[in-house]
Amino acid sequence: MPKLSSARLTAQSHFRTLRLGTPFQPRIDALMKTNDWYDWGGYRAPASLWDEELEYFAIRSQAALFDISPMVKYRIEGPDGEDFLNRVTLRDVAKLKSGRVHYTAWCDDEGYVLDDGTLFRLAPDRFRLCCQERHLPWLLDSAIGFDVSVLEETEAVAGLALQGPTSVAVLREAGFAGVERLKVFDLAEFPHEGGRVTISRTGFTGDLGYELFAPAELALSLWDRLWKAGELRGIRAIGYTALNRARLEAGLIVANADFVTAEHAIRPDRVRMPDEIGLGFMVDLEKGHFNGRRAIAQARAKGSMRHVLVGLEIEGNIPAEHAIVYHKQKKEVGLVSAAIWSPMAKRNIALASLSRPYGDTITDDLWVEIYAMRELRYERLMKRARIVPRPFIKLDRRTASPPADF
Amino acid sequence: MKKWDAIVIGAGHNGLVNACYLQRAGLDVLVVEKNDWIGGAAVSRSLTPGFLYSNCSYVCSLFRPEIMRDLELPRFGLQVISYEGGAVFTRDGDYLANYRDHHAHRREFARFSARDAEAYDRYARDVTRQCRFIQPLLMRTAPDPTSFRPRDISELLYLGKKFAGLGAAEMADTLRFWTMSISDFLDEYFETDVIKANFALSGIIGTALGPMSPGTAYVLLHHYMGEVDGSVGAWGYARGGMGAVTKALADSFRASGGTIRTGAEVEQVLVRSGKARGLVLADGEEIYGNLVISNADVKRTFLKLVEEKELPEIFLRRVKNFKMRGSSGKVNIALDSLPEFPALPKDSPCYRGDMHFTDSVERMERGYDDWKAGRWSADPFLDMVIPTTLDPTMAPPGKHFMSCFVQYCPPKVEGRDWTDADRDAFGETVISQIADYSPGFRDRIVHMEVRTPRELEAEVGLTEGNIFQGELTFDQLLFNRPVPGYAQYRSPVDGLYMCGSSTHPGGGVMGAPGRNAAAEILRDLSRGTKHMSPAHDVI
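As annotated in an unreviewed UniProt entry, chain B carries the name Pyridine nucleotide-disulfide oxidoreductase domain-containing protein 2 and comes from Mesorhizobium zhangyense. Under the Function (unreviewed entry) heading, UniProt states for chain B: "Probable oxidoreductase that may play a role as regulator of mitochondrial function." Comment text from UniProt for chain B, heading Subunit (unreviewed entry), reads "Interacts with COX5B; this interaction may contribute to localize PYROXD2 to the inner face of the inner mitochondrial membrane."

Printed below as a string of structure tokens:
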């Protein structure tokens, strides 16, 4: 048993607060008008703060501030950091330069996806891995034989996403000199209150945007710095409902919403290989061994993968959330995992998992059956669905370098 | 002379469940009970004024919701109050709590190990997968693999299909689960002693094996089984003690026209021409019936109540060798105030759950070593609850009833019979362990009931005081429970059936053996079973 420490005794009191506040909680509480909270990994997180419609438009027309502190974070450090992460994750980490970020995923030995997330290379031998679920035992076990340390730092590091067309202007106004030089997926450190804040040009909205990470104790001063700078740039705090619309327009998937992670799948057939959830592009079979490599290579060779994740454009304007997908209006071939009417694309969009060959070689004559509850009656609609490329919207400002000053 | 349609021996929970279903099918059923009260091991008795004890079983966890519904137990007064947590006290003055909230549970583990805190999801997934495989078998008669009857073949196919439905990795896990020790199993997930001890206790309760003995991983599954089909409030206290379960069953039985006779100890099952005809009571009275159903354990039924000459030799040998070893005792304590545990904050929900003092698997195993040597554990494993923190009906205001399940406790002390002095010394071992963590504990004690295997056998009738009427190791489950060829509640004697925990799916206050036996009996009588709800779906 670990030695009895005062830290262990102090931590006893957690049972009195089942949903933790994040380091930004005083600011969020002050802005909270809807009292619309949800549970994000044990944190009290806002689903909306004042108006979920307007919060969405803040992302697309102004600058939206979203607290991402509950995201699970690991610090991975050591001379073998790159080799270790190459062993664990799908993409080639040798190609990830210091000061860059990439979106990646990792699998168990059977090739089933454990999670997806973003990998930040903070220094040649220092990384941060951000994700939805918790993986410390998996990371530690995979680290055996590597000169690397893995530390869970979710509570210690505060995170903010600042997304929207005026986000760069807000940051510049706040005095983060040179932030406009960051290209998409670049990161850099900036001084703040005697400490440092890491700013990356990343996000979950498909828009121009940045993510900021700072030690928890600097959180409130960082928030205030942005808030003040954003006064004339329309800065708004937002909740998850707004963000979820933006991410769907961007065609991005969410673990345990659009696919079931391997460590949580109670039903063994619910697990997915990267290719089955649209992450096949990450798999680098040339880089050497990684967890799940053999299984994925074998499944590809045998053509045994059974599912495919696609973007759908559905006729009409009624969202098809969790609708069943049919071929020729008869044969059930899949399920919609997320769907909205896209305010930007002005289209009815969805993400769906289909059973091959549907979505793979058979892509025509697809339909979704929408059960729309309207005043205690289901209005049943059978609507034509077309497979379309993701993202559903493409905004030049997301990648423009330097970003335009709106 | 009256002839009953069916006579059930023993008014324990399974006997009463069985009797209820038969009575509701239109049979005229008599339940005979040797004690002056009913309940068997699901009993509440007042042994000191103002206090009510759950004398044997103490929590309601596995009772099948299908049975509660069919027999209208809520209508007949059964209320189950959910647990709110639990804790293992550690020797360094801290504790490890179990909280119902997923994230609180993780944060609690993180106090001891950041790694173990994040290992729980995978552990829960694997245990849940195994439970989902086994759970649907609880409410089905186990197939007879030697029979070619269509029903047995289709049941075997069902089993095979479910097994084949597992992935290759799960199949391997299943076989490992059925055979490995709980200690080895937990080592694959966790690194911290107290966290492993916290889970290991479910692998040894009621079993004469140590946490390092092969086969104990399955015992853990048996305890988790209640939860996989979304049975809400799976763990809790029956309001009024465990006797409230059997009281509700008895009221339901009587309301449907059934008859219970207490103070009627059975001397022998009357067998003529290989068929059961009724019973002879201890006072010589004979009672006649077309069917006799025994809720007593398989050893008591066939080694004490049926003449040997009526039974096949191989059956007898297997009954004799059926493992039903006494391994636990029970100490019930009336307290004049709520004990304090300085390690535990006063507002902790753990007071309203189960508390333990064994903070390592090693300590549990050493406790088992004592049992093997024929002694009770000097440092026993306690499952301690204070039901009166949630149920005010069992003690006067401000006073409390504490139940301590104690393991290990041998059926004989170093080969000789238990004496009253042994029993008192055993009770003292338990009190002194609690007092180590709770200053002033002794001064709060108003009354105590100490029960070793001797008392449990003499009063409840459980052979060696084994709470499960036979250990739940995989060699004694499914079509091997209790004896190969007799796993379908029938016996070598026509008209004599079994319905106790010795039969599939085994022990715990579950009711499934009683219900499944009733289904088989009604099938033999070509009677309908429309009054029995089908087992819950597991999808």
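K.L.:
How should I be thinking about the overall build of chain B in this particular structure?
P.N.:
Scanning chain B for helices and strands turns up 18 helices and 18 strands. At 22 Å, chain B has a C-alpha radius of gyration in line with the 24 Å of a compact globule built from 539 residues. Overall, chain B is about 65 × 60 × 45 Å in size when its C-alpha atoms are taken along their principal axes. The buried share of chain B, taken over its 539 residues, is 64%.

K.L.:
Even after reading the chapter, I still don't get the interface of chain B and chain A, so can you show me in this structure?
P.N.:
Think of interface size as the accessible area that goes away when the parts come together; that is how it is often given. Every contact between the two is made by 35 residues of chain B and, on the other side, 33 residues of chain A. Taking both sides of the interface into account, the surface hidden between chain B and chain A amounts to around 3,000 Å²; carbon and sulfur atoms contribute 53%. Among the residues of chain B in contact with chain A, B:Arg107, B:Arg115 and B:Glu118 are the three that bury the most area, contributing 24% of the side total. Applying the counting criterion to the chain B and chain A interface returns seven salt bridges. Measuring nitrogen to oxygen at the nearest pair gives 4.0 Å for the salt bridge that ties B:Arg122 to A:Glu263. At the junction of chain B and chain A, the tally comes to 21 residue pairs in polar contact (both at pLDDT 80 or more).

K.L.:
I'm lost on helix H6 (residues 150-164) of chain B in this one. Help?
P.N.:
What sets the pattern is the α-helix's 3.6 residues per turn: residues three or four places apart point alike. Residues and elements named next belong to chain B. The end-to-end C-alpha distance of H6 is 20 Å, a good match for the 21 Å that 15 residues give at a rise of 1.5 Å each. Of all the residues in H6, the buried ones are Asp152, Glu155 and Leu159. Down the axis, H6 shows its buried residues gathered within 65° of arc, on one side only. Of the residues in H6, the exposed ones pointing more than 90 degrees away from the buried face are Pro150, Leu157, Lys161 and Ala164. Contact partners of the buried residues in H6: helix H5 (120-138).

K.L.:
How should the packing of aromatic side chains be read in this particular structure?
P.N.:
What describes a pair of aromatic rings is the distance from one ring centre to the other and the angle between the planes of the rings. Taken as a whole and assessed by the stated rule, the structure comprises 42 aromatic pairs over all chains. If you follow A:Arg128 out to its NZ or CZ, it ends over the ring of A:Phe213, 5.1 Å from the centre.

K.L.:
Explanation requested: the packing of helix H1 (residues 13-24) of chain B against helix H11 (residues 243-255) of chain B in the structure shown.
P.N.:
Residue and element names in this part refer to chain B. Packing of H1 against H11 brings their axes to within 9 Å, and their N-to-C directions diverge by 20°. Taken together, the axes of H1 and H11 are roughly parallel relative to one another. Handedness of the H1/H11 crossing: left-handed. In this structure, H1 uses His13, Leu16, Val17, Ala19, Cys20, Gln23 and Arg24 to contact H11, whose residues at the interface are Thr246, Leu249, Ala250, Ser252 and Phe253.

About the cut-offs
- As a convention, each chain's residues are numbered from 1 in the sequence order in which they are written.
- Working convention: letters from A go to chains and numbers from 1 go to ligands, in the order in which they are written.
- Note on the predicted model: pLDDT of at least 70 is required for a residue's local features to be given, and 80 or more for side-chain atom pairs to be given and counted; whole-chain, interface and lining totals, by contrast, use all residues.
- Each side-chain value is derived from all of the structure's non-hydrogen atoms; neither hydrogens nor water enter the calculation.
- UniProt positions are given in the numbering used here, feature names are shortened, and annotations may be inferred rather than shown by experiment.
- Strands are runs of DSSP state E lasting at least two residues, helices are runs of H or I lasting at least four, and both sets are numbered from the N terminus onward.
- Note that the radius of gyration is over C-alpha atoms, with the globule rule given as 2.2 Å times the number of residues to the power 0.38.
- Here's how the labels work: a residue is buried when its accessible area is under 20% of the maximum for its type, exposed when over 50%, partly exposed in between, all with a 1.4 Å probe on protein chains only.
- Residues count as neighbours in contact if any of their non-hydrogen atoms are within 4.5 Å of one another.
- Note: buried area is the sum, over both parts, of the accessible area (probe 1.4 Å) each one loses when the two are combined.
- A pair is scored as a salt bridge if a Lys or Arg side-chain nitrogen falls within 4 Å of a carboxyl oxygen belonging to Asp or Glu.
- For the purposes of these results, a polar contact is taken to be a pair of N or O atoms within 3.5 Å, where, inside protein, one atom must be able to donate a hydrogen and its partner to accept one; residues adjacent in sequence count only when each atom of the pair is a side-chain atom.
- Here, expected helix span is obtained from the residue count minus one, scaled by 1.5 Å.
- What the arc covers is the set of directions going from the helix axis to the C-beta atoms.
- Between the rings of Phe, Tyr and Trp (Trp by its six-membered ring), a pair exists once the centres lie within 6.5 Å; its type follows the angle of the planes, with under 30 degrees stacked, over 60 edge-to-face, and the other angles tilted.
- Charge-over-ring placement is defined geometrically: NZ (Lys) or CZ (Arg) within 6 Å of the ring centre, and within 35 degrees of the ring normal.
- Helix axes use the C-alpha atoms of the stretch in contact, all axes being lines fitted to C-alpha atoms, and the angles between their N-to-C directions lie in the range 0 to 180 degrees.
- Oblique is the label for every angle not falling under 35 degrees (roughly parallel), over 145 degrees (roughly antiparallel), or within 65 to 115 degrees (roughly perpendicular).
- Helix crossings are classified by the rotation of the near helix relative to the far one: an anticlockwise turn of less than a right angle makes the crossing left-handed, while a clockwise turn makes it right-handed.

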